[in-house]
Amino acid sequence: MLTRLLLILLPILLPFALYFAYYLVTRRSRSEKAGEMREEDLPWIEQGPWAWLFLSGVVMAGIAMGVYFSNSGPAPGDSLVSPSYQPKVLENTDTDS
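Residues numbered from 1 in each chain as written. Predicted model: local features only at pLDDT ≥ 70, side-chain atom pairs only at ≥ 80, totals over all residues. Heavy atoms only, no water.

Draft legend 1. Local environment of the overall build of the protein chain. Per the secondary structure count, the protein chain includes three helices and zero strands. The N-to-C order of helical and strand elements in the protein chain reads α-α-α. Across the 97 residues in the protein chain, those meeting the buried criterion constitute 14%. Restricting to contacts in the protein chain with at least 6 residues of sequence separation, those with at least 24 account for 76%. For the protein chain, the exposed area adds up to about 8,700 Å²; of that, 63% sits on carbon and sulfur atoms. (Helix = DSSP H or I, 4+ residues; strand = E, 2+ residues; numbered from the N terminus. Buried < 20%, exposed > 50% of the residue type's maximum accessible area, 1.4 Å probe, protein only. Contact = heavy atoms within 4.5 Å. Areas by Shrake-Rupley, 256 points an atom, 1.4 Å probe, with all protein chains shown as cover.)

So this is what it looks like as structure tokens:
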């Protein structure tokens, strides 16, 4: 589940989060300078480049999955040993008897 979150969801949402942060930081200066504007007169950044944001997120997710799957797994020729639990052997160190 965490792998899916980090490889797919995070790269897709990251451009939207960056755009939202940029919008919040620059909103006041834009509204003071421009006043009220019609939708057609707004700069392209305020109209929302939603398709470009989604496309860049999909590209980043593809790059993340490509890097992850090309670097994961054992090297060719390595033998795989499944993990097993080996309990510690406790010795009696009681010297009072």
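Draft legend 2. Highlighting the environment of glutamine 86. Mapped onto the elements, glutamine 86 comes out in the segment after helix H3 (50-71). A distance of 3.4 Å separates the side chain of glutamine 86 from the side chain of serine 84, its partner in a polar contact. (Polar contact = N/O pair within 3.5 Å; in protein donor to acceptor, adjacent residues only side chain to side chain.)

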